[in-house]
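Take a look at the letters that make up each chain.
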Amino acid sequence: MRKSILMTVTAACLLGTSVPVLAQAGGGTHTIRLLTPEAALKAASAALQDCRKRGFQVAVAVVDRSGVAQVMLRDRFAGAHTPDTATNKAWTAASFRTDTLELARATEAGQPSSGIRHVPRFVGAGGGVMVQAGGTIIGAMGVSGAPTGEMDEACARAGIASIRDDIEF
């Protein structure tokens, strides 16, 4: 088997074609990209402004790829529950690697994944959106306080769009 793989790789190199990587190369480290605090703040501010234009008082949170909070902004009249809810929506999106609007549907009562609603900090409502760049999740944003999860998500997407050029690699 190893001889045939070696021959395939050798032939591909000689012919100038590529073959799929069958195993990871050795090494003890892995390089990752992280969302900077400046980009997180810019995105959160843009989401807050987008919600204001729509007439919503919200809280916006941005977490890194591991779900650790980087930024949290609360508009002056947003409900007292919104900072924690926004942070937990962002944590949920980062942790489960899925936007919370999709998770809300997938975890409804009677669905095979409904049990994850019992995970501490899980928020099964729209408004938590992954921040991705180059096919990699680099963070997540949560918005809470608009009348619906879909409206929270729209504000989050506007915030993420504001940093798109800054984070693409």
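The paragraphs below set out a description of the structure included in this document. (Residues numbered from 1 in each chain as written. Predicted model: local features only at pLDDT ≥ 70, side-chain atom pairs only at ≥ 80, totals over all residues. Heavy atoms only, no water.)

1. Some remarks on the sheet that holds strand E4 (residues 136–144)
Pairing within the open sheet is antiparallel, and its four strands lie in the order E2-E1-E4-E3. Both edges of this open sheet fall to strand E2 (69–74) and strand E3 (128–133), since each of them pairs with a single strand only. Averaged over all adjacent pairs, the angle separating strand axes in this sheet is 15°, with direction ignored. Sheet analysis places E3 next to E4, joined by six bridges and oriented antiparallel. Following the sheet pairing, alanine 133 is matched in E4 by threonine 136. The sheet strands contacting helix H2 (residues 37–53) are strand E1 (59–64), E2 and E4, and the helix crosses E2 at an angle near 25°. On the sheet, helix H3 (residues 82–96) packs against E1, E2, E3 and E4 and is oriented at approximately 155° with respect to E4. (Pairing = 2+ DSSP bridges. Helix = DSSP H or I, 4+ residues; strand = E, 2+ residues; numbered from the N terminus. Axes fitted to C-alpha atoms, helices over the stretch in contact; angles between N-to-C directions. Contact = heavy atoms within 4.5 Å.)

2. Structural notes on the pattern of salt bridges
Under the defined criterion, the tally for this structure stands at seven salt bridges. Put simply, lysine 42 and aspartate 166 hold a salt bridge, and the shortest N to O gap is 2.8 Å. Of this pair, lysine 42 sits in helix H2 while aspartate 166 is found in helix H6 (residues 164–167), placing the two residues 124 residues apart along the sequence. Overall, the relative accessible area of 40% leaves lysine 42 in the partly exposed class. With a relative accessible area of 48%, aspartate 166 lands in the partly exposed category. In this structure, aspartate 152 engages lysine 89 in a salt bridge whose closest nitrogen and oxygen atoms are separated by 2.8 Å. With aspartate 152 in helix H5 (residues 149–161) and lysine 89 in helix H3, the pair connects residues that are 63 residues apart, well separated along the chain. Since its relative accessible area comes to 3%, aspartate 152 is described here as buried. Counted as one network, the salt bridges with shared partners bring together Asp99, Glu153 and Arg157. (Salt bridge = Lys/Arg side-chain N within 4 Å of Asp/Glu carboxyl O. Buried < 20%, exposed > 50% of the residue type's maximum accessible area, 1.4 Å probe, protein only.)

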